[in-house]
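# Geometric and topological summary
What follows is each chain in one-letter form.
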Amino acid sequence: MQFRVGRFQARIPSWLAPAIGYAISVASLVWFLQGVDLKTVMQDFQSLRWGWVAIAVVSDIAVYVFQAWRWNILLGPVVRVPLWRSVQAIYVGLFTNEVFPLRPGEVIRSYLQARWSRIPFSVALSSAVIERVFDGIWLMALFAATTLFVPYPRVVVELGKGIGVVVVVVALLMGLVMFWKHHAHAACPKTRWGAKLRVLIDDLHLMGNSRSFYVAFAASLIYLLIQVMPIYALMRGYDLDLTMWPALVVLVVLRIGTAIPQAPGNVGPSQVLMVLALGLFGIDKTTATGLSLMTWCVITLPLLTAGAIALAVTGLKLGEIRHHAKRHASAPVAMAETTSSNS
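Here we summarise the structure given alongside this text.

Cut-offs applied
- Residues numbered from 1 in each chain as written.
- Predicted model: local features only at pLDDT ≥ 70, side-chain atom pairs only at ≥ 80, totals over all residues.
- Heavy atoms only, no water.
- Axes fitted to C-alpha atoms, helices over the stretch in contact; angles between N-to-C directions.
- Helix = DSSP H or I, 4+ residues; strand = E, 2+ residues; numbered from the N terminus.
- Parallel < 35°, antiparallel > 145°, perpendicular 65-115°, else oblique.
- Contact = heavy atoms within 4.5 Å.
- Nonpolar A, V, L, I, M, F, W, Y, C, P; charged D, E, K, R; others polar.
- Phe/Tyr/Trp six-rings, centres within 6.5 Å; stacked < 30°, edge-to-face > 60°.
- Buried < 20%, exposed > 50% of the residue type's maximum accessible area, 1.4 Å probe, protein only.
- Lys NZ or Arg CZ within 6 Å of the ring centre and 35° of its normal.
- Expected span 1.5 Å × (residues − 1).
- Polar contact = N/O pair within 3.5 Å; in protein donor to acceptor, adjacent residues only side chain to side chain.

## Here's the deal with the packing of helix 3 (residues 50-75) against helix 11 (residues 228-237)
Interhelical geometry of helix 3 versus helix 11 gives an angle of 175° and a closest axis separation of 8 Å. The angle between helix 3 and helix 11 places the two elements in the roughly antiparallel class. Contacts between helix 3 and helix 11 involve Trp 52, Val 53, Ile 55, Ala 56, Ser 59 and Asp 60 on the former and, on the latter, Met 229, Pro 230, Tyr 232, Ala 233, Leu 234, Arg 236 and Gly 237. Tallied by class, residues from the contact of helix 3 with helix 11 come to nine nonpolar, two polar and two charged.

## Side note on the environment of Gln 262
Its location among the elements puts Gln 262 in the loop between helix 12 (244-257) and helix 13 (269-279). For the pair formed by Gln 262 and Ile 201, sequence separation is 61 residues and the distance between their alpha carbons is 28 Å. Leaving out residues up to four positions away in the same chain, Gln 262 has contacts with Gly 21, Pro 101, Leu 102, Gly 257 and Pro 269.

## Describing the packing of aromatic side chains
In this description, an aromatic ring pair is defined by two values, namely the gap between the centres and the angle between the planes. Per the stated rule, a full pass over the model turns up nine aromatic pairs. Geometrically, the ring pair formed by Trp 52 and Tyr 232 is edge-to-face, given 6.1 Å between the ring centres and 85° between the ring planes. Placement of the pair is Trp 52 in helix 3 and Tyr 232 in helix 11, with a sequence separation of 180 residues. An identical accessibility class is assigned to Trp 52 and Tyr 232; each is buried. One aromatic cluster in this structure is built from Phe 134, Trp 138, Phe 213, Tyr 214 and Phe 217. Directly above the ring of Trp 71 sits Arg 109, whose terminal nitrogen or CZ lies 4.4 Å from the centroid. Between the NZ or CZ atom of Lys 285 and the centre of the ring of Trp 31, over which it lies, the distance is 4.0 Å.

## Quick word on helix 14 (residues 285-314)
An α-helix turns once per 3.6 residues; consequently, residues spaced three or four apart project the same way. Between its terminal C-alpha atoms helix 14 stretches 42 Å, which fits the 44 Å expected from 30 residues at 1.5 Å a residue. Capping the start of helix 14, Asp 284 holds a side-chain oxygen 3.2 Å from the backbone nitrogen of Thr 286, two or three residues further along. Count one or two residues on from helix 14 and you reach Gly 315, which has phi positive near 80°.

## Re unusual backbone geometry
Phi is positive for Arg 118, close to 55°, though the residue is something other than glycine. Tracing the sequence through the fold places Arg 118 in the loop between helix 5 (105-117) and helix 6 (121-146).

Structure (structure tokens):
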């Protein structure tokens, strides 16, 4: 990655961002395990109510099926996509996020959707961008509402404020594209990246001026709320006397704290965040540590299994998919506008 200012050019090593992510992960795990009674954690595992754990697994799978349905709604003005195809693309993307740092799965799933549905890669990527903007808007709305009742840790508050600013700016830009496309075009520089940006603007304008855009926006609130169920089910599996409200707060903290791409699977920060969130409701660190580990396992292991199956069905290797997705993401406009089934 390079940055140029005047006559000066600075090169950022490609390994730097992943290295920072891994460093944060290691530091988080050190804090996470410090002072924890691991024997008690194992005893808690043995007394789990496995029926609730099964509900957590099923409800987590339902989250991604719902996401696929929302994605299909958003793509409705462009193409009709079989639900199972979108589910497959999402699971391959999630599998990629668990294996590689900095969350490349969004580009991966966009590439696969474009390849299978024979739509421009830019359209698929634009739909993924819109999804994330929707998620950010609703997450910030829930965060603002819950701050009236919950004394969040300072680090979560500061992260929430920063993400809120980014979401507002991106939402405003998306609104500009939707209603003033010509002005947005005029603001693009006459460069290779400016040309690609104009293609992206056209795609956002197409999807943003359809009824399905607003349906997908409303569905995004439901998508966020149903993610509470796996957390709540695991709380019940741990026999904790907590309601849906703490589960919602835990979800908000997790989503805010892991919004910035980090190490694969957000290992470390996600556990620390859950311990901090549960501490707001009087749950001791040892119990919270066990619950956070079980949550990670319940969410990650089925995801890895389903993702591996979804990847195997494609008949492609993950490295091959990453290569083609990266090539499409960085290609000139001519390539961005086409997706060959022979890629």
